[in-house]
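If you want the building blocks of each chain, they are given just below.
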Amino acid sequence: MISLRGVSLVYPNGVRALDGIDLEIGKGDFVFLVGHSGTGKSTLLRLLYREMAPTTGEITVDGIRVECLRRSRVPILRRHIGVVFQDFKLLTDKTVWENVAFALQVTGAHTRDVIRQVPRVLDLVGLSHKSRMYPGELSGGEQQRAAIARALVNNPKILLCDEPTGNLDPSNTTEIMELLLRINLKGTTIVVATHNQAVVDRMRRRVVRLDNGRIVTDEERGYYFLGLGQSQILSG
Amino acid sequence: MQATAIGTVTVTIVLLGAFLYARAVLVHFGADVLNQIEISAYLQDGTSPARTEAMRAALARDPRVLSVQYVPKKEGLQQLRRRLKGEIDTSILTENPLPNMFRVRVRTPELVPAVAAEIRKMPGVQYVNYGQDVVGKLLQLVAVARRVGIAVIALFILVAGIIISNTIRLTVFARRREIAIMQLVGATNAYIRMPFICEGLLDGLLGASLAVAALEVGRASLVPRLVAALPFVASNVVNVNLGSLVPQLLLVGAAVGLIASWISVGRFLRT
Ligand SMILES: Nc1ncnc2c1ncn2[C@@H]1O[C@H](COP(=O)(O)OP(=O)(O)OP(=O)(O)O)[C@@H](O)[C@H]1O
Ligand SMILES: [Mg+2]
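(A) Broad picture of the overall build of chain B. Summing up its helical and strand segments, chain B has 8 helices and 4 strands in all. Of the regular secondary structure in chain B, the N- to C-terminal order runs α-β-α-β-α-β-α-β-α-α-α-α. Computed over C-alpha atoms, the radius of gyration of chain B comes to 29 Å, more than 25% over the 18 Å expected from 2.2 N^0.38 for 271 residues, which places it beyond the range of a compact globule. In terms of overall dimensions, chain B has C-alpha extents of about 100 × 40 × 20 Å along its principal axes. Taking the contacts inside chain B whose residues are at least 6 apart along the sequence as the reference set, 83% of them involve residues at least 24 apart. For chain B, the computed accessible surface area is about 15100 Å², with 65% contributed by carbon and sulfur atoms. Seen as two clouds, the 28 positive and the 16 negative side-chain charges of chain B have centres 8 Å apart.

(B) Local environment of a positive patch on the surface. Positive charge collects at one region of the surface, where A:Arg71, B:Arg169, B:Arg267 and B:Arg270 lie side by side. Relative to the helices and strands, B:Arg267 resides in helix α8 (residues 245–270).

(C) Summary view of the site of ligand 1. Residue and element names in this part refer to chain A. Ser37, Lys41, Ser42, Thr43 and His195 are the nearest of the 15 residues found near ligand 1. Separating an oxygen atom of ligand 1 from a side-chain N or O atom of Ser37 is a distance of 2.4 Å. A distance of 2.4 Å separates an oxygen atom of ligand 1 from a polar side-chain atom of Thr43. About the coverage of ligand 1: the protein hides 66% of its 630 Å² of free accessible area. It is helix α1 (residues 41–48) that provides the largest number of residues to the shell around ligand 1, a total of 4 residues. Its residues assigned to classes, the shell around ligand 1 comprises 3 nonpolar, 9 polar and 3 charged.

(D) Representation of a nonpolar patch on the surface within the structure. Residue and element names in this part refer to chain B. Residues Leu201, Leu205, Leu258, Ile259, Trp262 and Ile263 make up a contiguous nonpolar surface patch of about 510 Å² in total accessible area. Within the residue set of the nonpolar patch, elements represented by two or more residues are α7 (189–229) and α8. Counting residues per element, the nonpolar patch draws most heavily on α8, which supplies 4 residues. Tracing the backbone shows Leu205 in helix α7.

(E) Geometry of the domain arrangement of chain B. Domain assignment breaks chain B into domain 1 (2–33 + 136–270) and domain 2 (38–130). A straight line from the C-alpha centre of domain 1 of chain B to that of domain 2 of chain B covers 49 Å.

(F) Examining the interface of chain A and chain B more closely. Counting from both sides, the interface comprises 18 residues of chain A and, opposite them, 13 residues of chain B. Buried area between chain A and chain B, summed over both chains or domains, comes out near 1400 Å², and the portion from carbon and sulfur atoms is 63%. The largest per-residue losses of area from chain A upon contact with chain B belong to A:Arg71, A:Arg78 and A:Val106, which jointly make up 35% of the total buried on that side. Where chain A meets chain B, there are 0 salt bridges. Linking chain A with chain B are 5 residue pairs in polar contact (both at pLDDT 80 or more), by the criterion used here. If you list the elements that add at least two residues to the side of chain A that touches chain B, you get α2 (74–78), β6 (81–85) and α3 (96–105) of chain A.

(G) A look at the pairing of strand β3 (residues 30–34) of chain A. Residue and element names in this part refer to chain A. β3 sits mainly inside the fold: 5 of its 5 residues count as buried. Judged by which residues are buried, β3 turns out to be covered on both faces: Phe30, Phe32 and Val34 on one side and Val31 and Leu33 on the other are all buried. Relative to strand β8 (residues 189–193), β3 is paired through 4 bridges, and the arrangement is parallel. In the sheet register, Phe32 faces β8, and the bridge partner there is Val192.

(H) Expanded view of the sheet that holds strand β4 (residues 125–129) of chain B. Residues and elements named next belong to chain B. Pairing in this open sheet of 4 strands is antiparallel, and the strands run β2-β3-β1-β4 from one edge to the other. In this open sheet, the two edge strands, each paired with only one partner strand, are β2 (65–71) and β4. Direction aside, the axes of adjacent strands within the sheet are offset by 20 degrees on average. Pairing between β2 and strand β3 (residues 101–106): 6 bridges, direction antiparallel. Residue pairing across strands places Val71 opposite Met101, the latter belonging to β3. Together, β1 (39–43), β2, β3 and β4 form the strand contacts of helix α2 (residues 49–61), whose direction differs from that of β2 by roughly 160 degrees. Its contacts with the sheet place helix α4 (residues 112–121) against β1, β3 and β4, and it is angled at close to 165 degrees to β4.

(I) Inspection of the pairing of strand β7 (residues 158–162) of chain A at higher detail. Residues and elements named next belong to chain A. Burial within β7 is extensive, with 5 of its 5 residues counted as buried. Here β7 shows a buried face lined by Ile158, Leu160 and Asp162 and a second buried face lined by Leu159 and Cys161. As defined by bridge partners, β6 adjoins β7 across 5 bridges and the pair is classed as parallel. Within β7, the position partnered with Val83 by the bridge is Leu160. Summarising the sheet, β7 and β8 pair through 5 bridges and their orientation is parallel. Bridge pairing links Leu159 to Ile190 in β8. As a crossover connection, the stretch from β7 through helix α6 (residues 170–185) into β8 is right-handed.

(J) Molecular detail of the nonpolar core. Core analysis: the largest hydrophobic core is formed by 75 residues, its most contacted members being A:Phe30, A:Phe32, A:Ile148, A:Leu159, A:Leu180, A:Ile183 and A:Ile190. The biggest single contributor to this core is α7(B), with 8 residues. A:Phe30 has contacts with A:Met177, A:Leu180, A:Leu181, A:Asn184, A:Ile190, A:Val192, A:Met203, A:Arg205 and A:Arg206, leaving out every residue within four places of it along the chain. Ranked by size, the runner-up nonpolar core spans 34 residues in total, among them A:Leu18, A:Leu47, A:Val74 and A:Val208.

(K) Inspection of the sheet that holds β7(A) at higher detail. All names here are of chain A. With mixed pairing, the 6 strands of this open sheet are ordered in space as β6-β7-β8-β3-β9-β10. At either end of the open sheet lies a strand with only one pairing partner, and these are β6 and β10 (214–219). The average undirected angle you get between the axes of adjacent strands in this sheet is 15 degrees. Docked against the sheet, helix α5 (residues 140–152) engages β6 and β7, running at close to 165 degrees with respect to β6.

Calculation criteria
Residues numbered from 1 in each chain as written. Chains lettered and ligands numbered in written order. Predicted model: local features only at pLDDT ≥ 70, side-chain atom pairs only at ≥ 80, totals over all residues. Heavy atoms only, no water. Helix = DSSP H or I, 4+ residues; strand = E, 2+ residues; numbered from the N terminus. Rg over C-alpha atoms; globule rule 2.2 N^0.38 Å. Contact = heavy atoms within 4.5 Å. Areas by Shrake-Rupley, 256 points an atom, 1.4 Å probe, with all protein chains shown as cover. Lys, Arg positive; Asp, Glu negative; His and termini not counted. Charge placed at Lys NZ, Arg CZ, Asp CG, Glu CD. Patch = residues over 30% accessible without salt bridge, like charges linked within 9 Å, V, L, I, M, F, W, Y side chains within 5 Å. Salt bridge = Lys/Arg side-chain N within 4 Å of Asp/Glu carboxyl O. Near = heavy atom within 4 Å. Polar contact = N/O pair within 3.5 Å; in protein donor to acceptor, adjacent residues only side chain to side chain. Nonpolar A, V, L, I, M, F, W, Y, C, P; charged D, E, K, R; others polar. Domains from an automatic or database assignment. Buried area = accessible area lost by both parts, 1.4 Å probe. Buried < 20%, exposed > 50% of the residue type's maximum accessible area, 1.4 Å probe, protein only. Pairing = 2+ DSSP bridges. Axes fitted to C-alpha atoms, helices over the stretch in contact; angles between N-to-C directions. Right-handed = clockwise from strand over helix to strand, strands pointing away. Core = buried A, V, L, I, M, F, W, Y, C linked by side-chain atoms within 4.5 Å.

Below, the structure is given as structure tokens:
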């Protein structure tokens, strides 16, 4: 579903944020991206949804060669990918319903589809009863669920999350992670960049660890800290 | 913000329209004068009737020539008498001082100098007169007015375009969060552009409409007073109306709004 080969990215200011990344993510996988601040997690996600192109290397997402994509084709790629951020990025002057519907409308969807799809995703994230409220009237967890609903309304095969629980308390965090798990069980490939140790350690999913723009470990059922995972492997 | 853009277009189009109108009046007025020009070709005394007839036929055959009229000296004198009647006692004219002549009219004023020069070279022609000085100056004036017109119009449009595009850029900037989200969820650039293009188009059209209204009010109240105050201005200037200028000015306003917003949004979407 996602494949990176020899991907490097040097920002215009000369910072080498990614350096020779090779990574394969299969259909329906759930992957955590971990690593210190500034090691290139967000940068890697940005390359996947083509906010920018890699300096070198090949990126394939859902069969689309991302790095050679013409500008006019980028919207097509974006419709295959849902993206969720720490700061939600909701429009504050639109209701939950309008925020979610907006994502469909701007792709030129029929009203008929909007009326069918919006309630489906609002129901999935458990926000049906608050669809008429504005983001300012919602808790952080609810806002993030609205953002997830918006990311899913186009039926993407891939959901990218950049620190989705960064602004949330533990109980909201748990809710959001359970929601992501449910979405994953329906077949959506999910990549989550996170600093949340508790989440990673509890879920025991594939963990890709970055350090200084390189992948240093890639474990099938990993922990947040390298030492912990290794000691368990050794003792078990 | 939007009011600034509309106001700028209005001012620009008023200036542009006033300029074009003044030019139209000048060209109209000039053309009026020029179209009445005729070439007077005076013949040498003693030119044979056969020679005169050959000349008339040659001129009538010339495709540039609209009409040729032969005025024998007798008739010329009668015309002169009629014209001077009451001003001068014409009975003092005992001998006819006038030569035989041709009155030649050509199709367009620009042809006058060339045709006159050719007639001058015909054998039997003594001299040719068509108000050389006045015609030359008028022709020059009209040509200059045309050329300056194009330059001034280009300048006006450029200024309006820059101001509209700045306004649209501010609007785009104010809505950058919304645009970023649109891009994130896969809206095409064409889709994102549309409302801004519409706004630019509307600003341009609205500004141009206001300008046309202002111009019409100005023309209707100013021109008759001008004609009354300046008796030498031909009164038919009053009949020069905005006419075909109206759709032209609206088109210019719309085009400026459209192109300026297209460019300013495009620049934003590329980064
Ligand atoms: N727009 C940018 N221009 C220049 N350098 C950048 C830009 N964005 C990020 N960087 C640099 O690239 C490196 C990787 O940044 P990135 O945001 O990918 O890290 P991260 O792993 O997401 O960090 P965090 O965990 O704090 O979110 C950092 O050194 C950062 O300073
Ligand atoms: Mg980051």
